[in-house]
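Each chain, written out:
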Amino acid sequence: MRTTSSTASVRLYYLDESDPVAQTLFYGPRADAIALARQQPEDVQAGLWFATDNDVVPFLDIDEG
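Positions within a chain are numbered from 1, following the residues in the order the chain's sequence is written. Residue-level local features of this predicted model are given only where pLDDT is at least 70; pairs of side-chain atoms are given and counted only at 80 or more, and the full residue set underlies all totals for whole chains, interfaces and linings. Excluded from the side-chain calculation are hydrogens and water; included are all heavy atoms of the structure.

*Asks:* Sorry, what's going on with the nonpolar core here?
*Replies:* Side chains of a nonpolar character, in soluble globular proteins, are inclined to be buried together. Residues belong to one nonpolar core when they are buried, are Ala, Val, Leu, Ile, Met, Phe, Trp, Tyr or Cys, and are joined through side-chain atoms within 4.5 Å. Each residue gets one of three labels from its accessible area relative to the maximum for its type: buried under 20%, exposed over 50%, partly exposed in between, using a 1.4 Å probe on protein chains only. Counting 12 residues, the largest nonpolar core consists of V10, L12, Y14, A33, I34, A37, V44, L48, F50, V57, F59 and I62. Strands here are runs of E lasting at least two residues and helices are runs of H or I lasting at least four, both read from the DSSP assignment and numbered beginning at the N terminus. For this core, the secondary-structure elements that each account for two or more residues are β1 (9–14), α1 (30–38), β3 (48–51) and α3 (59–62). In what follows, a contact means two residues having at least one pair of non-hydrogen atoms within 4.5 Å. Excluding anything up to four places from it in sequence, A37 contacts L12, Q45, L48, F50 and F59.

Next up, the structure:
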């Protein structure tokens, strides 16, 4: 993810393979989005994505646990 600041605004959304419509869970600071994503069940985490002004990245690719 090119945006590394914890205060950068991101969109956290869930994308289910069986539903082509993304469900937005959160707009706001990256640190808060990561905290919310970590609270989700593992099967949901697998479908979570972060979007910034310049990038889209799967949550599991950036989570440092």
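Moving on from the coordinates now.
*Asks:* Is there a simple way to think about the pairing of β3 in this case?
*Replies:* Residues in a regular strand point their side chains to alternate faces of the sheet. A pair of strands is considered paired only if DSSP assigns at least 2 bridges between the two. Across 4 bridges, the pairing between β1 and β3 is antiparallel. Residue pairing in the sheet places Y14 in a bridge with L48 of β3. Pairing of β3 with strand β4 (residues 56–58) involves 3 bridges; the strand directions are antiparallel. Bridge pairing in β4 links W49 to P58.

*Asks:* It is not clear to me how the packing of aromatic side chains should be interpreted in this structure. Could you clarify?
*Replies:* When we look at a pair of aromatic rings, we describe it by the centre distance and by the angle of the planes. The rule is short: rings of Phe, Tyr and Trp, with Trp giving its six-membered ring, pair when the centres are within 6.5 Å, and they are stacked under 30 degrees, edge-to-face over 60, tilted in between. Going through the model one piece at a time under the given rule, you end up with 1 aromatic pair. Two thresholds decide whether a charge sits over a ring: the Lys NZ or Arg CZ must be within 6 Å of the ring centre and within 35 degrees of the ring normal. For R11, the ring lying beneath its charged end belongs to Y13, and the centroid distance is 4.3 Å.

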